[in-house]
Amino acid sequence: MLSVVLPAYNEEKMIQKAADTIDRILSAEQISYEIVFVNDGSKDATWEEIEKAAERNPNVVGVRFSRNFGKEAAMFAGLAEARGDCCAVMDCDLQHPPETLVEMYRLWEQGYEVIEGVKRSRGKESALHRMCAGLFYKMISKAVKIDMSRASDFKLLDRRAVDALLSMPERNVFFRALSSWIGFKTASVEFDVQERTEGESKWSTRSLIQYAIKNIVIFSTAALQFVTCAGAVVFVAAIVLAIQTLVRYFTGHAVEGFTTVILLILIIGSLIMISLGIIGYYIGKIYEEVKGRPRYLIAKRVGKGR
Ligand code: UDP
Ligand code: MG
């Protein structure tokens, strides 16, 4: 059975549409399925719509958060509720085309365990947005060691991969990157991001920036290393300036007393920055330990009695 997890926040107009479209497409392909709606503390009639959808279609189930916890939490809650042998996660505004679900399911039948939906195009965006998104994904890609520039939250995961994700002890999660981090036999499927038909995007520029910063901090310690790099640059500059200052001193061009001051500021400044970098490095390691991620994940075993 395929579980389709749909996080929903203020999507009253989309619930019925999403349930019907997914039902039509999956039934036509004779794929047995359940639809798991997660109402992420919506302020409109989303929950009533989910209840109605569940009455009409026995394959629909729903959970309701006590307040808005955000899409990441909603996706994980959906995965925890899902009973399927494989679980797909998609947006309930149908910007992720449900037709692609079938393609993903077929790949799962062929033995793939993580099937990633990859955006063929990033849709309409301003140049600045594209640049910031590019920088963001570069940092995340480095941390996950997989190209994430066209990644999305549209994925289909085998039960094993779902259980691996759910077993992650960390509280702050970035689904898109974590589901690549866990590994497993991976395939990807390209899709075109659709236009939203009802309602509006929940993302403002401000919330996108917050989202980016949060996820960089969650997923990589690269930001901590900035100080170390800056310290190294200042140190090199300090050496150059120190030589110049000393030359002026010995040729008798220096103002009385200034040589010592310049040298002290340069040396102490760069030492402070480098030590901050070292402390940052340790904090980075402590952070990784605190997250308590498993050291490894086993995908399969072979041999007698295994
Ligand atoms: N969503 C959610 N909780 C939130 C914000 C969004 O569950 O706090 C859901 C939303 O209902 C939708 C999906 O996440 O199914 C993507 O949201 P949206 O369409 O606003 O994002 P965009 O497509 O613009 O990136
Ligand atoms: Mg959307």
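Owing to the predicted nature of the structure, the values given are computational and were not obtained by experimental measurement. (Residues numbered from 1 in each chain as written. Chains lettered and ligands numbered in written order. Predicted model: local features only at pLDDT ≥ 70, side-chain atom pairs only at ≥ 80, totals over all residues. Heavy atoms only, no water.)

## Digging into a nonpolar patch on the surface
Thinking step 1. Among the surface-exposed residues, Leu 264, Ile 268, Ile 272, Leu 276, Ile 279 and Ile 283 lie close enough to one another that they form a single nonpolar patch of about 550 Å² accessible area.
Thinking step 2. Inspection of the secondary structure puts Ile 268 in helix α10 (residues 258-291). (Patch = residues over 30% accessible without salt bridge, like charges linked within 9 Å, V, L, I, M, F, W, Y side chains within 5 Å. Areas by Shrake-Rupley, 256 points an atom, 1.4 Å probe, with all protein chains shown as cover. Salt bridge = Lys/Arg side-chain N within 4 Å of Asp/Glu carboxyl O. Helix = DSSP H or I, 4+ residues; strand = E, 2+ residues; numbered from the N terminus.)

## A closer look at the sheet that holds strand β2 (residues 33-39)
Thinking step 1. In spatial order, the strands read β3-β2-β1-β4-β6-β5-β7; together these 7 strands make up an open sheet with mixed pairing. Looking at the sheet topology across the chains shown, the edges are occupied by β3 (60-64) and β7 (186-191). Sheet twist, expressed as the average angle between the axes of neighbouring strands with direction ignored, equals 20°.
Thinking step 2. As paired strands, strand β1 (residues 2-8) and β2 are joined by 7 bridges and run parallel to one another. Note on β2: the bridge partner recorded for Leu 6 is Phe 37.
Thinking step 3. Contacts between helix α6 (residues 159-166) and the sheet are confined to β4 (86-89), β5 (114-119) and β6 (151-158), with β6 contributing the most and set at about 115° to the helix. (Pairing = 2+ DSSP bridges. Axes fitted to C-alpha atoms, helices over the stretch in contact; angles between N-to-C directions. Contact = heavy atoms within 4.5 Å.)

## Structural notes on the packing of helix α1 (residues 12-28) against helix α2 (residues 46-56)
Two quantities define a packed helix pair, namely the angle between the axes and the distance from one axis to the other.
Thinking step 1. Direction vectors running N to C along α1 and α2 enclose 20°, while the axes themselves pass 8 Å from each other. By the angle between their directions, the pair α1 and α2 is classed as roughly parallel. As α1 runs across α2, the sense of the crossing is right-handed. Contacts between α1 and α2 involve Glu 12, Ile 15 and Gln 16 from the former and Thr 46, Glu 49, Ile 50, Ala 53 and Arg 56 from the latter.
Thinking step 2. In the contact of α1 with α2, the residues fall into 3 nonpolar, 2 polar and 3 charged. (Parallel < 35°, antiparallel > 145°, perpendicular 65-115°, else oblique. Left-handed = near helix turned anticlockwise from the far one by under 90°. Nonpolar A, V, L, I, M, F, W, Y, C, P; charged D, E, K, R; others polar.)

## Considerations on the site of ligand 1
Thinking step 1. Lining the immediate surroundings of ligand 1 are 16 residues, of which Glu 11, Asp 40, Asp 93, Gln 95 and Ser 201 lie closest.
Thinking step 2. One of the side-chain nitrogen or oxygen atoms of Glu 11 is found 2.6 Å away from an oxygen atom of ligand 1.
Thinking step 3. Note that an oxygen atom of ligand 1 is positioned 2.6 Å from one of the side-chain N or O atoms of Gln 95.
Thinking step 4. Computed on the free molecule, ligand 1 has an accessible area of 530 Å², of which 85% lies beneath the protein chains in the complex.
Thinking step 5. Partitioned by chemical class, the residues of the shell around ligand 1 number 5 nonpolar, 4 polar and 7 charged. (Near = heavy atom within 4 Å. Polar contact = N/O pair within 3.5 Å; in protein donor to acceptor, adjacent residues only side chain to side chain.)

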